[in-house]
Every structure is written in C-alpha cells, then in structure tokens.
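Geometric and topological summary
The chain contents come next:
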Amino acid sequence: MKSHAIHSGDERLTAYALGELNLEGQREVELALEKNPALRAEVQAIREFSVTLRQELQQEPIPKLLPEQRYKVESSAEPLVDSDDHRYFWWRLLLTGAPALAAVLLVVGYIVFPGAPFRLAKLVPERIARILVKTRPLTSGPAASEIQVTGSLTAAVIQSVIDEHLVEIRRCYNEAHRLRPELNGKLTLSLHVEADGSVTSSQIEESTAPGLDRCLLQLVRSWNFPKGTHSEPTEVHLPFSINPDA
Amino acid sequence: MPPKRAAGDKAWIQGLLAKHEGPLTRYVSRLLGDVERAREVVQESFLRLLEAKRSDIDGHVTEWLFTVCRNRAIDLKRRDRRQLPLAEGVEIPAEESESPSAFLESAQKQRSLLHALTKLPANQREVIRLKFQEELSYREISRIMGLSESNVGYLIHTAIKTMREETKKEEIESGQRSKQPMAPQGGER
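Some thoughts on helix 4 (residues 67–76) of chain A
Here helix 4 of chain A has its buried residues at A:Gln69, A:Arg70 and A:Val73. The arc enclosing the buried residues of helix 4 of chain A, seen along the axis, measures out at 100°, which places them on a common side. In helix 4 of chain A, the exposed positions angled more than 90 degrees off the buried face are occupied by A:Pro67, A:Glu68, A:Tyr71 and A:Ser75. The inward-facing, buried residues of helix 4 of chain A abut helix 1 (9–32) and helix 2 (35–51) of chain B.

This is how it looks when you write it as structure tokens:
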C-alpha cells in the first residue's frame, strides 16, 4: 500500500522524532527529510522540545508509598509455608506424638503394674458379657453350687472358666433361639478334664434344647481349664437352665 | 485460589516496588488529584500483583501495574462523581484543580512548558506524561489506556504541536512585555 506524502505537521514526523516508527516508516520519513530541509528543521524542533519536556517532567517530585504500605506489600510476599507450618504445628505434634506417648505409657504401666494388662484382658470380655446378659437375660451359666465336680479342680474354678466364655455361650443361645423361639428347659453336659486342663471328652447328658446342646458341646471342647493341683483328671457335670423370660 | 508464595517473591516484589512505586504514585496522583488516595491505589495494585498468575504478567509487569492503577483510579473518580451531585457528569481535570496534589506542581507552575501542559485535554496530558515522564512506548501506552497505537501517536503529536504553539506564544508575549517602557512610579502629578 502506497502511503501519503509527508508534509509539514505530519504526525509521522513526531513519531520519527520520538523513535516510534518501524523500519519501513523510518525509511519513508528519511527519504522525505533528504528532499525537504523544512521537514528536517521540524523534526529537529520536535526532538529539542521533547528533550526539554522530558527534563521538565522528570524533575517533578516523586511521591512514594508510606513505609507501612510498603511493608504490607512486602510482608504479603513472604512465603506462606512458614505460616502454614505454624498453623498446623500443634496438629502435627498431636498426630505424631500421641501414638508415641501411648506406647511410652503402656511400657511404663507394664513395668509398674506387670499383671494389670492380663487382669484387664480377662476383665473386659467378662464385663461385656455381663452387660449383654443384663440387657438380654435369656440364659446363664450354672451357679457354682449346681456344678458337680469329681477330681482335682473345684466348682469355683470351673465356674470362673465358664464366666470367661459367657459371650460364646450367649452366641450359641441366640442362634438356637433364633431357630426355635420356644426354646426352654434344661440341659446338662459332662466333661472329662485332663490334669493339664484340656477337655478330652464331652457329652450331652440331658437336653430339652436341640441345637443349643450341640453348640455348647462344641464350645466346651475348646476350653482350657487350669492345671489340677494333684495331677488328676476331673469329671465335670454342667447343668444349664434355659429360661427366655429370666 | 491465590498462588502459593515462593521463596523469591519477596525479592521480586521489592525490586518492582523500588522501580515502579514512585512513577505509579505520581501517575495516579495526577489522575486523582490526591496523593494519599494514589498511594492506596498503588498499594492495592501491588497486592493484586501478588495474587496474579506469574505466567499472565511476565514480560509486561510495567504495563500491568499501570493498567490496574489506572482502572482503579477511574473507578474512584466515577464513584466520586456519583457521591458529589454538583459535579455529576463534569470531568474535573486533576491538574487544574486546587487539590493536595498541587504540591507536585508548585515548583514548576511558573514554567511555560508545564503551564501549556495543564491547558491540554485530560487524555493528551495523560499520554504526554506516560511518554515523557514514564518513558513508555506508544505500544505500552496504547495497552494501558486501551487505545490503538495510531490513536496514541495522534494524541501525542497533537499535544506536542499545541504545546509548542502555546510556549511560542507565551515567549512572544513575555518578549513584548519586556520591551514595554516602565510606567513612571508614583504616577503623574
């Protein structure tokens, strides 16, 4: 595209004087300047005026931000990682420190009260069983006075073992009751407990609760009783009374 | 979500503050006629700069800062006009008003060149300041003001032409005044 001829007062002269023309535009203006001394004088005058104007304007005072404003900007540019660290420090300490603290307390507790964990381990299922029995009193183990024992173990020892297995007994009962809601009556199991505490034989002596008797029979075979004091086996007769309304 | 601060951000913003806080505050105080508000606008713009994505501003941070400051200043001026019913719809040229920014002009007010500048329309004054005070190119000015480059060239050309004529006229007038004989003191008897 052919551009228009450059004349006096042309804005391309101003752009040329200020160095704002591209190469093509510069060449065009320079060609015109070569031919026209008046245009050269005009460009020179614009340049001189620009220099004066620049000097005058740049001498003006430069107001700056107030120190607190500058500080706010600079502090906003601080890495947030530090503040994040600070914010989550206590959470991190808690999450990492709590397990370590628990482990330390366990070790110290075991050293100070060596038997406590075992006593606790025995207590917890029993407590749970008692709660279950209390809330749904459908059956119970035999009382010590009802247990017939011949051998080195006492009825109290046998009952303590039964108490340890109340949850399993309850599970057997619930299953049998689910199948036969009318479940009622009595059943008696006989066990042969060796001197080492293991149950080597067991059988149903009397039962009005089919299903429950077999479940309990399986159960007692897995029990372990304490060792007898005279290294003799023990014969045990366990009567269970089944009373849904109890 | 604002970008996470990197370790080098503080040094980066300090460098930009050192380079631009003065020119920006001066520029905005000219637009608003209020140095204190100009400072607030500039501070706010730097805070916004920290929130901006670096990839969006790299290579043209100067333009970005001037543009954000300018837009904010225009918003404030519009709001002021709404709040002052008497001035509604009337543009108050900051350089002509007797505002707190007058201190900026006080030292140079007598100079004919700057006097000629105050007579220009607001948009011509702005391009002249951006070009000669802040040393920005036509392209940068066009982006800041939202104009075409040729429009910027025209405004600058017209402003220079007017100012040259105005200063020439003032020189002639002051020359004529100096040639006039002094009136006898005390008057005629």
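Thoughts on the packing of helix 4 of chain A against helix 2 of chain B
Put simply, helix 4 of chain A and helix 2 of chain B touch, their axes get as near as 9 Å, and they point 5° apart. Classified by the interaxial angle, the pair formed by helix 4 of chain A and helix 2 of chain B is roughly parallel. Packed against helix 4 of chain A, whose contacting residues are A:Gln69, A:Lys72, A:Val73 and A:Ser76, the element helix 2 of chain B presents B:Arg39, B:Gln43, B:Phe46, B:Leu47 and B:Leu50 at the interface.

Re the environment of A:Leu13
Note on placement: A:Leu13 falls in helix 1 (residues 11–17). When the C-alpha atoms of A:Leu13 and A:Ile46 are compared, they prove to be 8.4 Å apart, with 33 residues separating the residues in sequence.

Quick look at the interface of chain B and chain A
Put simply, an interface is often sized by how much accessible area is lost when its parts join up. Opposite the 39 residues of chain B that make contact, chain A presents 31 residues. When residues of the side of chain B that touches chain A are traced back to their parent elements, those giving at least two are helix 1, helix 2, helix 6 (112–118), helix 7 (122–133) and helix 9 (149–179) of chain B. Residue contributions to the side of chain B that touches chain A peak at 11 residues, all from helix 1 of chain B. Across the side of chain B that touches chain A, the residue classes break down as 18 nonpolar, 10 polar and 11 charged.

Points about the nonpolar core
Generally speaking, a soluble globular protein has its nonpolar side chains buried in company with each other. Counting residues in hydrophobic clusters, the biggest one holds 49 residues, and the most contacted among them are B:Val28, B:Val42, B:Cys69, B:Val127 and B:Ala159. Setting aside anything within four residues of it in sequence, one finds B:Val28 in contact with B:Ala38, B:Val41, B:Val42, B:Cys69 and B:Ala73. Core analysis: the next-biggest nonpolar cluster, separate from the first, contains 24 residues, A:Ile158, A:Leu183, A:Leu189 and A:Leu238 among them.

Description of helix 9 (residues 212–221) of chain A
Residue and element names in this part refer to chain A. When we look at burial in helix 9, the residues that qualify are Leu212, Asp213, Leu216 and Val220. Projected onto a plane normal to the axis of helix 9, the buried residues spread over an arc of 95° and lie on a single side. In this structure, the buried residues of helix 9 make contact with helix 8 (166–179), strand 3 (185–193), strand 4 (199–207) and strand 5 (234–242).

Conventions and cut-offs
Residues numbered from 1 in each chain as written. Chains lettered and ligands numbered in written order. Predicted model: local features only at pLDDT ≥ 70, side-chain atom pairs only at ≥ 80, totals over all residues. Buried ≥ 20, exposed ≤ 12 C-beta atoms within 10 Å, placed from the backbone. Helix = DSSP H or I, 4+ residues; strand = E, 2+ residues; numbered from the N terminus. Arc of directions from axis to C-beta. Contact = placed C-beta atoms within 7 Å. Axes fitted to C-alpha atoms, helices over the stretch in contact; angles between N-to-C directions. Parallel < 35°, antiparallel > 145°, perpendicular 65-115°, else oblique. Nonpolar A, V, L, I, M, F, W, Y, C, P; charged D, E, K, R; others polar. Core = buried A, V, L, I, M, F, W, Y, C linked by C-beta atoms within 7 Å.

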